[in-house]
Amino acid sequence: MQQQALVTDIQKFAVNDGPGFRTSVFLKGCPLKCAWCHNPETISRAPEIYWKRRLCVQCGACMEACPQEAINAPVPPEESREPGSAYQKIIRDRCDGCMKCVDACLYGALCVAGRPMSIDDILDEVEQDRPFYDNSGGGMTVSGGEPTAHPDFTGRLFLAARQRGIHTCLDTNGFCGWPILETIIENVDIVLFDLKHIDPAAHRLLTGVDNALILKNLSRLSRNGTEIWIRIPIVPGFNDDMEIHLRMAQFLAGLPGKISRIDLLPFHNWCQDKYDWLGICWPMQSIEALEPSLLEPAAELYRETGFAATVGGSGFEHTGT
Amino acid sequence: MAQAALKDTSVEEFETRQQWWWAAEKKRSGRLDYLRKAIWKKGAIGGLYAPGVKVDLERAQLQTRKARELEFSNDAYVIKFARMIAHILDNKTIFITDHAQLAGYTASLPHTIGWDPSCASILNVEVYNDPTAIPEPADESQKIIQEVNAYWGGKTDLDRMMPVFDMEDLMKMLSGSIGWGVPLARGGYSSKDYEYIMTGKRAFQDIIDELDRKIDEGDEMTHAPGATPETTDMYDKLNNWEAMKITLEAGIRIARRYARLARIIAENFEEDPVRREELLKIAETCERVPAHPPRNLQESFQYDIFIQMMSRTEAIEGAWPSRPDFYHGPYYDKDVNIDHTLTKEEALDLVGEFLIRAAEVCQFKPKWTREGLQGIDGTWVWTIGGVDAHGNDACNDLTIALMQAARLVRVANPTLSFRWHPKVKDEVLREIFECNRQGLGYPNMRNDPVLIANTMHWYGHPIEEARLWANQACLSPCPTTKHGYQPMRMANATANCAKIIEYVLTGGYDKVVNMQVGAETGDVTRFKNFEEFFDAWTMQMKTIFSILVRAVNRARTLAPRLTPRPFLSGISERSIESGMDTFEPSLERGNAWITAFTWVENIDSLAAVKKLVFEEKKYTMAQLKEALDANWEGFEQMRLDFVRNAPKWGNDDDYVDDIMIRCLREAAKFSRELKCPSGNSWPILPENVSGNIHYANIVGALPNGRRLGDALYDGGISPGPGLDKKGPTAVLKSCSKIDHITDGRAFLLNQRLSPTQLAGEKGYQLWKAYIRTWADLGIDHIQFNMIDDATLRAAQKEPEQYQEVIVRVAGYSAHFVDISRKTQDNIIQRTIHGLG
């Protein structure tokens, strides 16, 4: 039995991840490789080190602490902070993840992404905000990464949450075996289901996997009677074509059960710092964040098909359903 | 912005861009627009008054002349003082602003600020040395000021008080290290007996008639056969009654001067028939009030303005305790809903003007006070909402109109403070939300059930009276009732609490002012454990609080005789009934509190010492002391350890939150040992106003990693800037561990929220759920700063284009461009909590 899972963040006061005020728990590890991923630190299942160049004063303490010689020698801080600087602190292929450099850093420039937590650790923190859930219909959302990548842990986390009387949402990309999903949702109040593209080829191209399993799972979930909120990340040049939305709307309308609402989530590049901290060059970095109002026509299309739709997915938006 | 751009842009466009100030300018009536722009901006900018704002020398001269004349009079002091006030009122220059419907100003001309030379010589010296505020020609003015100062030297309230204080305490206080202000009865915040004077039952003439009866009876009693101590006590009472009468009669006379002025303009000069009618209405109003109770909204507002003008002629007021919707609301209802003599729009014009008339009031204050207030003249926090004496929802149409008017006139002072309770209607909550969303920074929210219980707990007010509270200054609820109201609160009971922890490290020696101020708790390196360290903290806390409280208690005890206030007495039932001055402590239940500036630094510092020195033993106390002595210079890595690796208040972390509770409970226990002259306790009230900036160069290095010169935390129980890493829910959770009834008087909490996320219905629903949780958690106060960083940065670069940007600076609002760069940076540094 998996006692602990790597958690990259527990975000309180989350207001766009299901109804009301929520605490979002981000688990590490994801089978998809979406080109636009805004949580790049949650893709790998292993702990990773952030190096925040803006905070680094190039004191060299990390280099002295590193037993693997996986740290580059200091350069003047102005140099490493310069826009476009190619300087990296960590030589990632030499690093064995001992985290001695992180302990040595006093400036907060090196930190760990992914700390192991038990179910009780997580729920104790989640439960701190109970008064906020009570006044807003909120609760816990398990996100990632992909929670179903830790089937046993996630399932027991939801069970324990339900036992503590906490409202639960699962934020999933739907890419897992149906038995896994079926077990997990036993203790889930709402599934926030990511639907990225309707076309298999396009889906494969930008996420690395086929969408057949995802669509099938959605269909089964819908038949199962689970409350579903569809979340569609709108990415320029990938799925911002009205034709695609028309097809998606038709697919969703054809599902056996009801879809409570559809949230269109505009692409943004505010995660570019995180890519840099991981030493990754992100090709989509220079694509500007989408203006939310540009998504209104698509939202309107879904509404006309009979769905409640929002742009941004606020947990406080009454969609009339 | 160019006039053309203003003209071409629609209100909706401005609102979409969140340029609320321009939207308001387009939305408000022509009259309100004129009146809003006709007032001078009086709040000091970074401690300095704006160009063109001048000290009013007229009053000083009138007062000095009369004082000289009265010098050889045989009258009692209180009567001489009353005659002086009457003389000022009878002879000061008066004016009526064009388009205005309300009249009455503290000083003589719109651009002048009042100066009372009889309060404190140290203030008079500041006037003399303030070249920017001295009217032209400067040499002539300086000559006048010199003469005035020469006369009052040795005769001011403070000069007369000085010899009766403990000199050592006084020196420590005047060093400026531990306190803020001086113990002056006529220089503080006076709550008032609004239940007596503002409920339509009586006005000045009714009281004068009552005083005449009292004087006749007293006179008869003192001359009838018999001689008991009561007989001779009556001599003092007769003097007090006489003095009250003198000021009230002067109040009626100056109102009639305004009436005459309005009539003269109407009958001789005004060509516009509509304006002529308005002037005649002003004349009629000023003939009616304050002599007789108001009959309509205009008279009610005018009556209030006259009372404030009188009060500010008699004393320097640093606050404006008021409950406008509760006391003026019935007149609004009568005019708008019953008699239909005013349309809603006309009423809104009056309400907006009422706010503007208050916004222009200013009295000269010393530089340290101005620095501590940043951009406003005083903390005029008007209380609205709440319940009536029986616990029913007291909100009315005027509650809503005040908030609507506030969004149109967008003044930084007065601000509004809303008494939240479970019965508040949705339509009222929406108005509060809208004011905050539009970046006003007010109303703040006060938790009525908690504060009513708090008021009963600390001072024993009966529940019916506790329910009738208004803020006496920023945050302290005071019943506006016969025995509930507190006629003064001295600003010097304001402790610079960061010194408590600083003195633990220095054994009470203050290295900034170079004197032993705190207790001699000895060498800090000999403390063997955290308990010993904490004992020293408790000792320093008690020592500082005691110095401040002793001075106030002494001044308060002597005030009825040395520095009486006949006018304030004259509008107080208990003084009229008893013949004793309003300051007489035995007549009131008390509302004493110690304002705790810079409080949270103690908590974060204690947590850092506990963890890094005593528990983890990462550093010795000697190392810490060495680093602090060096102001952390040469110890940067160690300093960062104390900043980053010690728990900080505001993250829902019991390790440090428990220290907060422990400190507050020590203080609460001691506040019950401290007694005010009314026999009641001295609870603490953590807030900062702008004291965090003023004290930046006074507080030395601290174990939380702060260096001398760094801005202090922005106040109350708000976490340090950027240190509340877990977001707004964790801040509220930390704060909810405090018992807001028994741990202190009130606790200021600032929260910055992002306005861009609060748009629309969902923004309101979110805010409402947040407020409901805040209330459930039993926190007594919260205020929002909703301006986004981009706006603030832009305002820093081009202040002239953002004259109207209002932000929260601990305890009140100020215009962003007015506050010092240090404060601005501090605000921007605060973690933004995006709602939405």
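Residues numbered from 1 in each chain as written. Chains lettered and ligands numbered in written order. Predicted model: local features only at pLDDT ≥ 70, side-chain atom pairs only at ≥ 80, totals over all residues.

## So, the overall build of chain B
Assigned secondary structure in chain B consists of 35 helices and 18 strands. Whereas a compact globule of 836 residues would reach a radius of gyration of roughly 28 Å, chain B reaches 26 Å, a difference of no more than 12%. Counting only C-alpha atoms and orienting by the principal axes, one finds that chain B spans roughly 80 × 75 × 60 Å. Each of the 836 residues in chain B was classed as buried or not, and the buried ones make up 59%. Taking the contacts inside chain B whose residues are at least 6 apart along the sequence as the reference set, 79% of them involve residues at least 24 apart. (Helix = DSSP H or I, 4+ residues; strand = E, 2+ residues; numbered from the N terminus. Rg over C-alpha atoms; globule rule 2.2 N^0.38 Å. Buried ≥ 20, exposed ≤ 12 C-beta atoms within 10 Å, placed from the backbone. Contact = placed C-beta atoms within 7 Å.)

## Some thoughts on the overall build of chain A
Regarding its fold elements, chain A presents 12 helices and 11 strands. Relative to a compact globule of 321 residues, whose C-alpha radius of gyration would be 20 Å, chain A shows 21 Å and is just as compact. Taken along the three principal axes of its C-alpha coordinates, chain A extends 60 × 45 × 35 Å. Taken over 321 residues, chain A has a buried fraction of 45%.

## A closer look at the interface of chain B and chain A
Taken together, the contacts link 22 residues of chain B with 17 residues of chain A. Broken down by class, the residue content of the side of chain B that touches chain A amounts to 7 nonpolar, 7 polar and 8 charged. (Nonpolar A, V, L, I, M, F, W, Y, C, P; charged D, E, K, R; others polar.)

## A closer look at unusual backbone geometry
Pro 290 of chain B follows Val 289 of chain B through a cis peptide bond whose omega is 10°. By secondary structure assignment, the location of Pro 290 of chain B is in the loop between helix H14 (273-288) and helix H15 (297-314). Of note, the amide linkage connecting Asn 413 of chain B to Pro 414 of chain B takes the cis form, showing an omega dihedral of 0°. Here Pro 414 of chain B shows up in the loop between helix H19 (397-409) and strand S6 (415-420). The backbone of Glu 69 of chain A shows a phi angle near 50°, a positive value even though the residue is not glycine. On the secondary structure map, Glu 69 of chain A appears in the loop between helix H1 (61-65) and helix H2 (77-81). We note that Asn 514 of chain B has phi near 55°; this positive angle belongs to a residue other than glycine. Take Asn 514 of chain B: it is sitting in the loop between strand S11 (509-510) and strand S12 (515-516). Here Asn 514 of chain B falls in the exposed class, since 10 other C-beta atoms lie within 10 Å of it.

## Here's the deal with helix H30 (residues 654-673) of chain B
All names here are of chain B. Here H30 is 20 residues long and its end C-alpha atoms lie 28 Å apart, about the 28 Å a rise of 1.5 Å per residue gives. Buried residues of H30: Val 656, Asp 657, Ile 659, Met 660, Cys 663, Leu 664, Ala 667, Phe 670 and Ser 671, and no others. Angular distribution of buried residues about the axis of H30 spans 155°; they occupy a single face of the element. Pointing more than 90 degrees away from the buried face of H30 are the exposed residues Asp 654, Lys 669, Arg 672 and Glu 673. In this structure, the buried residues of H30 make contact with helix H24 (530-562), helix H27 (600-615), strand S14 (684-686) and helix H32 (728-736). (Expected span 1.5 Å × (residues − 1). Arc of directions from axis to C-beta.)

## Examining the domain arrangement of chain A
All names here are of chain A. With domains assigned, chain A is organised as domain 1 (4-45 + 119-311) and domain 2 (48-113). One C-alpha centre belongs to domain 1, the other to domain 2; they are set 32 Å apart. Contact residues are listed per partner, giving 7 residues for domain 1 and 9 residues for domain 2. Of the residues in the side of domain 1 that touches domain 2, the class split is 2 nonpolar, 3 polar and 2 charged. (Domains from an automatic or database assignment.)

## Concerning the sheet that holds strand S9 (residues 227-234) of chain A
Residue and element names in this part refer to chain A. Spatial ordering of the open sheet is given by S5-S1-S2-S6-S7-S8-S9-S10-S11, a layout of 9 strands whose pairing is mixed. Bordering the open sheet on either side are strand S5 (115-118) and strand S11 (309-311), each of which pairs with just one other strand. This sheet shows a mean twist of 30° between the axes of neighbouring strands, independent of strand direction. Relative to S5, strand S1 (residues 4-14) runs antiparallel, the two sharing 4 bridges. By the bridge assignment, Leu 6 is partnered in S5 with Pro 116. (Pairing = 2+ DSSP bridges. Axes fitted to C-alpha atoms, helices over the stretch in contact; angles between N-to-C directions.)

## Points about the sheet that holds S14 of chain B
Residues and elements named next belong to chain B. Within the open sheet, the 3 strands sit side by side as S10-S13-S14. Their pairing is parallel. In this open sheet, the two strands that pair with only one neighbour each are strand S10 (494-496) and S14. Direction aside, neighbouring strands of the sheet carry axes that sit 30° apart on average. Pairing between S10 and strand S13 (residues 594-597): 3 bridges, direction parallel. Bridging across to S13, Thr 494 finds its partner in Thr 595.

## A few points about the environment of Arg 186 of chain B
Residue and element names in this part refer to chain B. Considering the arrangement of structural elements, one finds Arg 186 in the loop between helix H10 (167-174) and strand S3 (187-188). By C-beta crowding, Arg 186 is classed as buried, having 24 other C-beta atoms within 10 Å. When the C-alpha positions of Arg 186 and Pro 487 are compared, they lie 9.6 Å apart, and in sequence the two are 301 residues distant. Not counting chain neighbours up to four residues away, the residues in contact with Arg 186 comprise Cys 119, Asp 157, Ala 315, Ile 316, Thr 563 and Arg 565.

## Looking at the nonpolar core
Leu 355, Leu 548 and Ile 594 of chain B are the most contacted members of the largest nonpolar core, which has 307 residues in total. It is H24 of chain B that contributes the most residues to this core, 13 residues altogether. Every residue in contact with Leu 548 of chain B, bar those within four places of it in the chain, is listed here: Met 173, Gly 179, Asn 492, Ala 493, Ala 495 and Ile 594 of chain B. Tyr 50, Trp 51, Cys 56 and Ile 71 of chain A belong to the second-largest nonpolar core, a separate cluster that totals 15 residues. (Core = buried A, V, L, I, M, F, W, Y, C linked by C-beta atoms within 7 Å.)

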